[in-house]
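Topology and contacts: notes
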Amino acid sequence: MAAAHHEPPVLELRDVEKSFGSLRAINSVSLALRGGEAVALLGPNGAGKTTLIRCICGLTRLDRGSMQILGHPIETEGIRSALGLVPQEIALYGDLTTKENLYAFARFNGLSRRASRERVRWALKWTGLEKRARDLVGFFSGGMKRRVNLACGVMHSPQILLLDEPTVGVDPQSRQRIFRMLEELRDAGTTILLTTHQLDEAEQQSDRIVIVDQGRIIADGSKNQLVEQSVGASRLVKIRVDRPLKGPLKMQNHLSGEPLGEAGKDVVTTRIDDVSHHLTDLLHSVRQNGYDVSDVEVHAPSLQHVFLHLTGNELRDG
Amino acid sequence: MIWTVWQVNVRRLLHNPMELLLTFIVPIAFFSIFAVIFGGGVGIGTTPKIKVIALDQWDSEISRALVNDLTENQGLRFMRSPSETNLTTEEAKQLVRRGNVGMAMILKQYGDNVAVELLTDSSDQVAAQLVTAIVTESIVQAKVEQQQQSIRFAATSIPPGAAGPIPGNGAIANPVQVVDVIGEGKSNPVVSMYAAGIAVMFLLFGATGGGGALLEERENQTLERLLSTRLTMDQLLLGKWFYMTAIGTLQMLVMFAWAQLVFGVDLVGHFDGFLIMTLVTALAASAFGLFLATACRTRGQLSGISVVLVLTMSALGGSMVPRYVMSENLQQYGLCTFNAWALDGFDKVFWRELPVEALAPQLAVLLISGIVMLLAARILAIRWELD
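Now for a quick tour of the structure.

The rules behind these values
- Residues numbered from 1 in each chain as written.
- Chains lettered and ligands numbered in written order.
- Predicted model: local features only at pLDDT ≥ 70, side-chain atom pairs only at ≥ 80, totals over all residues.
- Heavy atoms only, no water.
- Helix = DSSP H or I, 4+ residues; strand = E, 2+ residues; numbered from the N terminus.
- Buried < 20%, exposed > 50% of the residue type's maximum accessible area, 1.4 Å probe, protein only.
- Contact = heavy atoms within 4.5 Å.
- Areas by Shrake-Rupley, 256 points an atom, 1.4 Å probe, with all protein chains shown as cover.
- Buried area = accessible area lost by both parts, 1.4 Å probe.
- Salt bridge = Lys/Arg side-chain N within 4 Å of Asp/Glu carboxyl O.
- Polar contact = N/O pair within 3.5 Å; in protein donor to acceptor, adjacent residues only side chain to side chain.
- Pairing = 2+ DSSP bridges.
- Axes fitted to C-alpha atoms, helices over the stretch in contact; angles between N-to-C directions.
- Patch = residues over 30% accessible without salt bridge, like charges linked within 9 Å, V, L, I, M, F, W, Y side chains within 5 Å.
- Lys, Arg positive; Asp, Glu negative; His and termini not counted.
- Charge placed at Lys NZ, Arg CZ, Asp CG, Glu CD.
- Arc of directions from axis to C-beta.
- Phe/Tyr/Trp six-rings, centres within 6.5 Å; stacked < 30°, edge-to-face > 60°.
- Lys NZ or Arg CZ within 6 Å of the ring centre and 35° of its normal.
- 1 Å grid on protein atoms, 1.4 Å probe; cavity = no way out; pocket = protein on both sides within 12 Å on 5 of 7 lines; lining within 4 Å.
- Points joined across faces, edges and corners; volume = space filled by probe spheres on them.
- Parallel < 35°, antiparallel > 145°, perpendicular 65-115°, else oblique.
- Left-handed = near helix turned anticlockwise from the far one by under 90°.
- Nonpolar A, V, L, I, M, F, W, Y, C, P; charged D, E, K, R; others polar.

Here the focus is the overall build of chain A. Secondary structure summary: chain A contains nine helices and 13 strands in total. Within chain A, the proportion of its 318 residues that are buried is 51%. Put simply, of all contacts in chain A between residues at least 6 apart along the chain, 70% involve residues at least 24 apart. Here chain A has roughly 14,700 Å² of accessible surface; of this, 45% comes from carbon and sulfur atoms.

Encoded structure:
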């Protein structure tokens, strides 16, 4: 669900800072989430994503800055009940059944006994674990535990859901299942802030991506916006020719000011801004140089390129 | 909220057969072993000073000489100077019943001789035998000296062959009579002592285990998750405290029910005193467990520290070996432990059969130390709320 920009933010952070000794974990972070928006905090391990989530939940005290939930200061009594937290670890009682875990967290979140029982029924259906309701969670697969972990965070129907690496360590099938569950929440209007270091998760599960590195927000926007802001809209083109080049190819001026390719290699690589026009010209230039084209690859810029461009590091470098 | 914490912990326990076994069956097994081994009164090999008082009801030269002789004995410690002792026999019995003294000696005239009645507490199986031997030896010694003096006197003042019978020679076959003022008609006192001793030791182990659950929750981030809900740290600690107290109380109840069924300890007859002692001991032990857990960083650290602490406290406090066989210094050090105060309380309930009011010192010490530990745990837990 796209965010309505005229609405006030449901969660707002202003100049938030947190240090642990000499390490500045969060450095002047400002961020606003609007109702129903899904935002991914993308960054390597140690970037400060989890610390930011902990600050929002009140589990870590801020050194500086302010936060508001639903327009109220975060210190307001009871305002944090608008938040739901799904921690990175499987924070469940392994020696309780699915039903007992769900019921306990519903009660801890302030639901009445009756409301808790109703919500447990909903959660079992939502997670697809109705048949495992009476089984001990400790014996579940990683994916099933993740689903229960997620359900326990939404038992009180929070308006804002904070997910810290919600799919870490699960198989692709379980991951897709969790994504579907998150989509249902988004459809129901829940605002989602998730941390991840997985590019596809950030792309699929968010309207907006906030790239975090070394405690700072270094970019904020939709994927297309981030691409345009950083690497631009150009496409990487790789052309394989029928034989090794005798020397660099002379190209039309609007494609490349300098000759392309190296003697002895059969691949020519370049960037073009307008695929619909320039790709044809590029292929024509290659043929004009006396070579036949045996293969063409066109790569759109990815978040990986964006991250590399912005930080100078691969995302998984940490 | 507190009720939910309580329920969660009960359900977790019910889902863990091994923990159930460790909580309820292992203590019974340990207690039974100790009760069988020591129930017969064997296995005691030290001779500490025995607290006594002497009532000289004859007040003669012979009886005074005997008391003087006894006061010099290294094995006895007179709690009041014999000359100051102006008690009735009933008052002396009360002192023994309350445990103020281990034994009262009542010196009486028996013809020309002195006879000694020992009012004992048979829970101390060493004291009665030891004091009987000491007193008998002193009487015989006094008699020998008396005879030697008579012979010397006769040799100097009476012509040879004119000696009559030796004065005071009307010997009694057994000059020392032992009267058990507490244990008559009761089951072996060592059994109830070991029931309490083992139960308190396992109560402490259970409490540190319960505290370990808190560290487990912290390590797997469940604690953070809980604190991100409406549950507060106060509610969490109180919920755990009540749960651990309830389980501890149940554990003690099961233990003493077994002791009644198999070893004849009168639980039903002393239920009021048992219940209040058990509740307060369990409250204190639970607070101790929470304090240890909040003071430790990891479960491994807690496990190591708790084993050493609980075993040391149990050894010093009398859970393993009765404190009355320990030296006086050790007995004093023992008062720094939960076990000693708890066992003294259970001793008053089951052995001395004192009214509940008499448990006030033990209850006060356990309750105050429990509350102090709980407050300390709360203060230590602040660091978990805001890292």
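Still to come is the rest of the account.
Contacts between the two partners involve 24 residues from chain B, matched on the other side by 32 residues from chain A. Each partner contributes to the roughly 2,600 Å² buried at the junction of chain B and chain A, and carbon and sulfur atoms together form 55% of this total. Linking chain B with chain A are three salt bridges. Where Asp 95 of chain A meets Arg 12 of chain B, a salt bridge forms, and the shortest distance between an N and an O atom there is 2.7 Å. Connecting chain B to chain A are nine residue pairs in polar contact (both at pLDDT 80 or more). Breaking the side of chain B that touches chain A down by element, the ones donating at least two residues are helix H1 (2-14) and helix H7 (222-227) of chain B.

The subject of this paragraph is the environment of Glu 19 of chain B. Summarising the element assignment, Glu 19 of chain B is placed in helix H2 (residues 17-38). Linking Glu 19 of chain B and Gly 206 of chain B, residues 187 residues apart in sequence, is a C-alpha distance of 9.5 Å.

Another aspect to go through is the sheet that holds strand E8 (residues 191-196) of chain A. Residues and elements named next belong to chain A. Judged by pairing direction, the sheet is mixed, and its six strands sit side by side in the order E6-E7-E8-E3-E9-E10 without closing on themselves. Sheet topology places strand E6 (83-86) and strand E10 (216-221) at the edges, where each strand pairs with a single neighbour. Along the sheet, successive strands turn relative to each other by an average axial angle of 15°, direction set aside. In this sheet, strand E9 (residues 208-213) lies alongside strand E3 (residues 38-42) in parallel orientation, the contact comprising four bridges. Residue pairing for E9: Val 39 is matched across the bridge by Arg 208. Here helix H1 (residues 49-57) sits on the sheet in contact with E3, E6, strand E7 (160-164) and E8, set at roughly 145° to E8. Sheet contacts for helix H9 (residues 303-311): E3, E9 and E10; angle to E9, the most-contacted strand, approximately 35°.

Right, let's talk about a positive patch on the surface for a bit. All names here are of chain A. Taken together, the side chains of Lys 99, Arg 113, Arg 117, Arg 121 and Arg 134 present a region of like positive charge at the surface. If you tally residues by element for the positive patch, the top one is helix H3 (residues 113-127), at three residues. Note on placement: Arg 117 falls in helix H3. Taking the relative accessible area as the measure of exposure, Arg 117 reaches 44% and is therefore partly exposed.

Turning to helix H4 (residues 89-97) of chain B, a few remarks are in order. Residues and elements named next belong to chain B. Residues Ala 92, Leu 95 and Val 96 constitute the buried set of H4. Seen end-on, H4 carries its buried residues on one side only, within an arc spanning 100°. Phi for Gly 99, located one or two positions after H4, is positive at around 85°.

Below, the discussion takes up the packing of aromatic side chains. Applying the stated rule across the entire model yields 13 aromatic pairs over all chains. A centroid spacing of 6.3 Å and a plane angle of 50° characterise the contact between Phe 274 of chain B and Phe 346 of chain B, whose relative ring orientation is tilted. In this pair, Phe 274 of chain B is assigned in helix H9 (residues 271-295) and Phe 346 of chain B in helix H12 (residues 338-350), connecting sequence segments 72 residues apart. The same class applies to Phe 274 of chain B as to Phe 346 of chain B, namely buried. Through a chain of ring-to-ring contacts, three or more aromatic side chains come together here, namely Phe 256, Phe 271, Phe 274, Phe 346 and Phe 350 of chain B. A cation over a ring is seen here: Arg 119 of chain A above Trp 122 of chain A, with NZ or CZ 3.7 Å from the ring centre. The lysine or arginine in question, Arg 225 of chain B, covers the ring of Phe 105 of chain A, its NZ or CZ lying 5.2 Å from the ring centre.

This paragraph deals with the pairing of strand E12 (residues 267-272) of chain A. Residues and elements named next belong to chain A. Side-chain alternation along E12 places Val 268, Thr 270 and Ile 272 on a buried face and Val 267, Thr 269 and Arg 271 on a face that remains uncovered. Looking at chain direction, strand E11 (residues 235-241) and E12 are connected through six bridges and run antiparallel. The partner of Ile 239 across the bridge, within E12, is Val 268.

The next thing to look at is the layout of surface pockets. Residues and elements named next belong to chain B. Counted as a void, the largest pocket has a volume near 1,200 Å³. Considering the residues around the largest pocket, the lining is formed by 43 residues, among which Gly 99, Tyr 324, Gln 331, Asp 344 and Arg 352 are closest to the centre. At the level of secondary structure, the elements contributing two or more residues to the lining of the largest pocket comprise strand E1 (50-56), helix H5 (125-157), helix H6 (189-219), helix H11 (328-334), H12 and helix H13 (360-380). Looking at which element gives the most residues to the lining of the largest pocket, the answer is H12, with seven residues.

This paragraph deals with the sheet that holds E1 of chain B. Residues and elements named next belong to chain B. Read across the open sheet, the five strands follow the order E2-E1-E3-E4-E5; overall the sheet is mixed. In this open sheet, the two edge strands, each paired with only one partner strand, are strand E2 (76-78) and strand E5 (176-180). The average angle at which neighbouring strand axes cross in this sheet is 35°, direction not considered. Where strand E4 (residues 113-120) and E5 come together, five bridges link them in parallel fashion. Bridge pairing in E5 places Val 116 opposite Val 176. Sheet contacts for H4: E1, strand E3 (103-110) and E4; angle to E4, the most-contacted strand, approximately 40°.

This paragraph deals with the packing of helix H4 (residues 142-153) of chain A against helix H5 (residues 172-187) of chain A. Residues and elements named next belong to chain A. For the pair H4 and H5, the least separation of the axes is 9 Å and the interaxial angle reads 15°. Classed by the angle they form, the pair H4 and H5 counts as roughly parallel. Here the hand of the crossing between H4 and H5 comes out right-handed. Along its contact with H4, which presents Gly 143, Arg 146, Arg 147 and Leu 150, the element H5 presents Ser 174, Arg 177, Ile 178, Met 181 and Leu 182. Looking at the contact of H4 with H5 residue by residue, the classes come out as four nonpolar, two polar and three charged.

Our next topic: the environment of Leu 236 of chain B. Residue and element names in this part refer to chain B. Residue position: Leu 236 is located in helix H8 (residues 233-263). Taking C-alpha positions, Leu 236 is 9.4 Å from Thr 4, a pair spaced 232 residues apart along the chain. Setting aside residues up to four positions removed in sequence, Leu 236 forms contacts with Val 5, Leu 214, Leu 223, Leu 226 and Leu 231.

Residue and element names in this part refer to chain B. The N-to-C vectors of H9 and H12 enclose an angle of 175°; their axes lie 9 Å apart at closest approach. When the axes of H9 and H12 are compared, the pair comes out roughly antiparallel. Within the contact between the two elements, H9 uses Gly 273, Phe 274, Met 277, Thr 278, Thr 281, Ala 284 and Phe 288 and H12 uses Phe 338, Trp 341, Ala 342, Gly 345, Phe 346, Val 349 and Phe 350. Class assignment for the residues of the contact of H9 with H12 results in ten nonpolar, four polar and no charged.

Moving on, we get to a nonpolar patch on the surface. Residues and elements named next belong to chain B. Together, Leu 250, Leu 253, Val 254, Phe 271, Leu 275 and Leu 279 give the surface a local cluster of nonpolar side chains, amounting to about 420 Å² of exposed area. Elements supplying a minimum of two residues to the nonpolar patch: H8 and H9. Structurally, the position occupied by Phe 271 is in helix H9. Overall, the relative accessible area of 35% leaves Phe 271 in the partly exposed class.

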